[in-house]
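# Structure assessment
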Amino acid sequence: MAQAVDDRGSREEIVVIDLESEIDVPVMQRQDSLYVDATRAAVANHHGQDSWAKTLRLAFQCVGILYGDIGTSPLFVYSSTFRDGVGHPDDLLGALSLIIYSFVLFSVIKYVYIALRANDDGDGGTFALYTLISRHAKVSLIPNEQAEDELVSKYNRGKPPATLRRAQWMKELLETNKTVKISLFLLTMLATAMVISDAVLTPAISVLSAVGGLKEKAPFLTTDEIVWITVVILVVLFAIQRFGTNKVGYLFAPIILLWLLLIGGVGVYNLIKYDTGVLRAFNLKYIIDYFRRNKKKGWVSLGGILLCFTGTEALFADLGYFSIRSIQLSFGFGLVPSVLLAYIGQAAYLRVHPDHVANTFYRSTPNSLFWPTFILAIAASIIGSQAMISCAFATISHSQTLGCFPRVKILHTSRQYSGQLYIPEVNYLLCLGACLVTVGFKTTVIIGEAHGICVVLVMIITTILLTIVMLLVWKTSIWFIAVFFIVFMSSESIYLSAILYRFAHGAYVPVAMSAVLMVVMVVWHYVHVKKYNFELEHSMPRDKVKELLGRRDIQRIPGVGLFYTELVQGIPPVFPHLIEKIPSIHSVLIFVSIKHLPVPSVDMSERFLFRQVDREEYKVFQCVARYGYRDPFEEAKDFVDALVERLQYYIRDVNLYSLGCETMMIKSSSYRSSCADSFGSHEKPSVRAVYAEEMLTPAESFSEHTRQASGKSKLFTQFQGEKMNIVEMMKIQQEQQVILGEVNKGVVYIFGESEVVARPHSSLLKKIVVNYIYSFLRKNFRNGEKMLSIPRSQILKVGISYEI
């Protein structure tokens, strides 16, 4: 047995080599950053197959949560497709054929059987795809990545095999090409903006279509009266969001199930009663005949056809609470037959009554079923809108964790499900937008134009991100990737061109809304990155901090100071500014960095990373609190309790390892040299190299590690015995009690209130962006202490100005 200790910088390295053992033991490497439980073994997520009983229960429940939007599309597809009436009887067969195959291609094949596989630990949507890519390639524009992040159990970053050169090529392209990084970021932000805009348009078109059926029984109602009835329902819909309607989401399932059974049954009735010949639409030749006969008009009508698969983007984004198998089961055997039968039945009805195309859905419903259908239509449209609104809340929450959206108040409406959110400010704006769109456009045809461009653009961006995931993460067959990209990108581009042709007829609305949102998100992120880089460049090294704290005029204040900073490396420049103005620090000072990882959640045992700045004399520490983009912030007191608990573990472990250093020293410098060389080269498989900092895990003792490392080592036994003597343990306990005593004296939360301005010689555009737009956003959105629910009486703010 040989051991060596090498002191490099501020850390101690313990190299342990068992020359007696013939067992190959892996090499453990110290990663350069904060430590503690960062090196806890990453436990791969193992999702066992759910039982069929659970799968069927989930399949029933997801009917109510996921299918409200896509299930209400039959309300308005035909009226949006044939704006000027049906020109030729066979046009109905061509349109029906397009509906059937578009629905199957995009909803079933792309989303249900391909995109669902690209979920990020249960989260879907374009944002989840971006975070999935972020974990496999360093695409973040903020330089706050740490090697320890990859050791989080849900990170699962895999190194691409050498045989798959395209995966390595894609990784290098994303990491080294700044243009590609920025383009990927902007695409994700555009998709995010479109999803938020869609949350304005989906309630408007769904509820207006459902309420429009009243004209069948009350023809005296004017268009304006229908519009105002819709506005009242929309106001009620957005008003109930604050109660967390997803708490009773499972109660929606029976309503949507009844709705699907109803429209499917009516479809069968119409098919048998009017014209079974519409089943010929399964022949693709009717699509060719449709375009040959209608030419440009047929191409433009694709803007209405695409409404048949609206809602699939919300389905993908909201899949987090259900298994893939349950969605595929309920989608294939519940939604698909019901919706397709509804479209087929309406086509059969229109073959006999082509002049009723403006209100096909209600005209094709038997009179005896009108009122049940009307009530269910209203309920289904509200439920479908609810899914899209929830999707917008989740998207904004996720964007905020990336530093891409101004701080807003986020309320978690469910203790059981972390994804159930409510954002008051956003809810008010969505409600206002939906009401203005309804009052301004009055008809579903124009709103459908606007709705369509949101759907298509999100689908195109999803195709691009899915292709990158296939290359980088899945590493699947290149031929499959090529076919996927060509088929979906070409077909979605055709739909996009059709909807853009009528840009001035309504499609400009979501583009305008998305442009405003894009400006907000890009400006906020741009200044956020610039500010982080400025603080990083002007950060204070730890040795300089010790010099600063050694000044004679520094006063010690009882209690604990939590100094919040965005930096995860170094000490922020606002700290020496504070000491200059107020030459005093707390008895225990902890620099706290709140950091969001590109994972849905971080286990509490892996949340905190610590590093000592000066533990012995000044008791100054650095701490990084890591969260997933789905994790809620704790209350201030709960956060402090958790942080102090983990700090106790850290103090225990760092003392134990420092005690063991002398025991681990050996006399032979030749052994020490050879051991260090072997570790540095990583060539000898029989060497187990363990750095002290790596093994500092809060739930595991040193003896557990050493027992695993070498069961035969007598020196290890001696080491354990010497380090665990009662005197030293009492010393550790005393240091822990000092920390607890200071906590009991009070905790003060210190924030740097930084004013960011453009440099005097900056361009005019930069001055407008930083000095006006960003300044306006910062003053009118929430501050960091409000996001963390910190009592105002315990806050200390330090003002400082940065020129970027």
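## Section: the pattern of salt bridges
Considering all chains together, one arrives at 17 salt bridges under this definition. Two residues, Glu 449 and Arg 83, come together in a salt bridge whose shortest N-O distance is 2.5 Å. With Glu 449 in helix H19 (residues 444–474) and Arg 83 in the loop between helix H3 (77–81) and helix H4 (89–112), this pair connects stretches of sequence that are 366 residues apart. Its relative accessible area of 24% is what places Arg 83 among the partly exposed residues. A salt bridge links Arg 652 to Asp 653, with the shortest nitrogen-to-oxygen separation between them at 2.8 Å. Judged by its relative accessible area of 3%, Asp 653 is buried. Within the structure, one salt-bridge network assembled from shared partners comprises Asp 90, Asp 275 and Arg 351.

## Brief notes about empty space enclosed by the protein
One simple way to see leftover space: roll a probe sized like a water molecule over the atoms. As enumerated under the stated definition, the model contains eight cavities of 30 Å³ or more in all. By volume, the largest cavity amounts to about 170 Å³. Together, 18 residues line the largest cavity, and Gly 124, Gly 125, Thr 126, Ala 317 and Thr 395 are the ones closest to its centre. Among the secondary structure elements, those contributing two or more residues to the lining of the largest cavity are helix H5 (126–136), helix H14 (312–317), helix H17 (370–401) and H19.

## Digging into a nonpolar patch on the surface
A cluster of nonpolar side chains, namely Phe 60, Leu 257, Leu 258 and Leu 261, defines an oily patch on the protein surface of about 370 Å² accessible area. Top contributing element to the nonpolar patch by residue count: helix H10 (residues 252–273), with three residues.

## Points about the packing of H4 against H19
Two elements in contact, H4 and H19, have axes whose closest approach is 12 Å; the angle formed by their N-to-C orientations is 30 degrees. With respect to each other, H4 and H19 are oriented roughly parallel. The way H4 lies across H19 gives a crossing that is left-handed. Contacts from Phe 106, Lys 110 and Tyr 111 of H4 reach H19 at Met 459, Thr 462, Thr 463 and Leu 466. Its residues assigned to classes, the contact of H4 with H19 comprises four nonpolar, two polar and one charged.

## So, the nonpolar core
Counting residues in hydrophobic clusters, the biggest one holds 162 residues, and the most contacted among them are Tyr 67, Phe 103, Phe 331 and Leu 430. Among the elements that take part in this core, H19 stands out by supplying 19 residues, more than any other. Every residue in contact with Phe 103, bar those within four places of it in the chain, is listed here: Ile 70, Val 108, Cys 308, Phe 331, Leu 335, Val 336, Val 339 and Leu 340. Counting 33 residues, the second-largest nonpolar core is a separate cluster that includes Phe 591, Val 798, Ile 800 and Ile 804.

## Observations concerning the pairing of strand E11 (residues 747–757)
Where strand E6 (residues 555–564) lies against E11, five bridges are found, and the strand directions are parallel. By the bridge assignment for E11, Val 560 is matched with Val 747. Where E11 lies against strand E12 (residues 795–803), nine bridges are found, and the strand directions are parallel. Along E12, the bridge assignment pairs Ser 754 with Ile 800.

## Thoughts on the confidence of the model for the protein
Scored by pLDDT, the protein comes out at a mean of 78, with 81% of its residues at no less than 70. Below pLDDT 50 for its whole length, residues 1–48 participates in 152 contacts with residues either more than four positions away or in separate chains. In this model, residues 661–723 is a region of pLDDT below 50 whose contacts with residues beyond four sequence positions or in other chains number 129 contacts.

## Brief notes about H10
An α-helical turn contains 3.6 residues, so a residue and the one three or four places further along point in the same direction. The terminal C-alpha atoms of H10 lie 31 Å apart, and with 22 residues this matches the ideal 32 Å at 1.5 Å per residue to within 8%. Packed against the buried residues of H10 are helix H1 (52–66), helix H2 (68–71), helix H15 (324–352), helix H16 (360–363) and H17.

## Topic: H4
Between its first and last C-alpha, H4 extends 33 Å over 24 residues, near the 34 Å set by a 1.5 Å rise per residue. At Val 104, H4 is bent by approximately 25 degrees, the largest bend along its length. Among the 24 residues of H4, 18 are classified as buried, and the element is accordingly described as predominantly covered.

## A look at the side chain of Asn 427
By secondary structure assignment, the location of Asn 427 is in helix H18 (residues 424–441). If we skip the residues at most four places from it in the chain, Asn 427 touches Phe 238, Gln 241, Phe 393 and Tyr 422.

## A closer look at the packing of aromatic side chains
Any aromatic ring pair is given by two values, namely how distant the centres are and how the planes are angled relative to each other. One pass over the structure, following the stated rule, counts 33 aromatic pairs. For the ring pair Phe 608 and Phe 610, a centre distance of 6.3 Å and an interplane angle of 25 degrees mean the geometry is stacked. Counting every residue linked through ring pairs, the aromatic cluster contains Trp 259, Phe 361, Tyr 362, Phe 370, Trp 371 and Phe 374. Its end group placed over the ring of Phe 370, Lys 217 keeps NZ or CZ at 5.3 Å from the ring centre. If you follow Arg 607 out to its NZ or CZ, it ends over the ring of Tyr 627, 4.1 Å from the centre.

## Notes on the side chain of Lys 181
For Lys 181, the location among the structural elements is in helix H7 (residues 178–211). Using a relative accessible area of 15% as the deciding quantity, one classes Lys 181 as buried. Sequence-distant contacts of Lys 181, defined by excluding residues within four places in its chain, comprise Lys 138, Val 139, Ser 140, Leu 141, Leu 174 and Glu 175.

## Things to note about the environment of Ala 498
Mapped onto the secondary structure, Ala 498 falls in helix H20 (residues 478–501). Owing to a relative accessible area of 1%, Ala 498 belongs among the buried residues under this scheme. With residues up to four places along the chain from it excluded, the contact list for Ala 498 reads Trp 299, Val 300, Leu 302 and Gly 303.

## Looking at the packing of helix H9 (residues 223–239) against H17
The contact between H9 and H17 brings their axes to 11 Å, and the two run at 50 degrees. It follows that H9 is oblique to H17 by the angle criterion. Considering how the two elements wind past one another, H9 and H17 form a crossing that is right-handed. Residues Ile 233, Leu 237 and Phe 238 of H9 form the contact with H17, whose participating residues are Ile 378, Ile 382, Ser 385 and Ile 389. Here the contact of H9 with H17 is built from residues that sort into six nonpolar, one polar and no charged.

## Details of unusual backbone geometry
Located in the positive-phi region is Lys 295, a residue other than glycine, with phi close to 50 degrees. Here Lys 295 is to be found in the loop between helix H11 (285–294) and helix H12 (296–300). Exposure remark for Lys 295: the relative accessible area of 58% places this residue in the exposed category.

## Some words on the pairing of strand E7 (residues 584–596)
For E7, a buried count of 11 out of 13 residues is recorded, marking the element as mostly surrounded by other parts of the structure. When E6 meets E7, the two strands line up parallel, connected through eight bridges. Among the inter-strand pairings, Val 560 is bridged to a residue of E7, identified as Val 588. Note: E7 against strand E9 (residues 620–627), eight bridges, orientation parallel. Its bridge partner lying in E9, His 596 is registered against Tyr 627.

Reading the values: rules and limits
Residues numbered from 1 in each chain as written. Predicted model: local features only at pLDDT ≥ 70, side-chain atom pairs only at ≥ 80, totals over all residues. Heavy atoms only, no water. Salt bridge = Lys/Arg side-chain N within 4 Å of Asp/Glu carboxyl O. Helix = DSSP H or I, 4+ residues; strand = E, 2+ residues; numbered from the N terminus. Buried < 20%, exposed > 50% of the residue type's maximum accessible area, 1.4 Å probe, protein only. 1 Å grid on protein atoms, 1.4 Å probe; cavity = no way out; pocket = protein on both sides within 12 Å on 5 of 7 lines; lining within 4 Å. Points joined across faces, edges and corners; volume = space filled by probe spheres on them. Patch = residues over 30% accessible without salt bridge, like charges linked within 9 Å, V, L, I, M, F, W, Y side chains within 5 Å. Areas by Shrake-Rupley, 256 points an atom, 1.4 Å probe, with all protein chains shown as cover. Axes fitted to C-alpha atoms, helices over the stretch in contact; angles between N-to-C directions. Parallel < 35°, antiparallel > 145°, perpendicular 65-115°, else oblique. Left-handed = near helix turned anticlockwise from the far one by under 90°. Contact = heavy atoms within 4.5 Å. Nonpolar A, V, L, I, M, F, W, Y, C, P; charged D, E, K, R; others polar. Core = buried A, V, L, I, M, F, W, Y, C linked by side-chain atoms within 4.5 Å. Pairing = 2+ DSSP bridges. pLDDT = per-residue confidence, 0-100. Expected span 1.5 Å × (residues − 1). Bend = angle between axes of the 7 residues up to and from the residue. Phe/Tyr/Trp six-rings, centres within 6.5 Å; stacked < 30°, edge-to-face > 60°. Lys NZ or Arg CZ within 6 Å of the ring centre and 35° of its normal.

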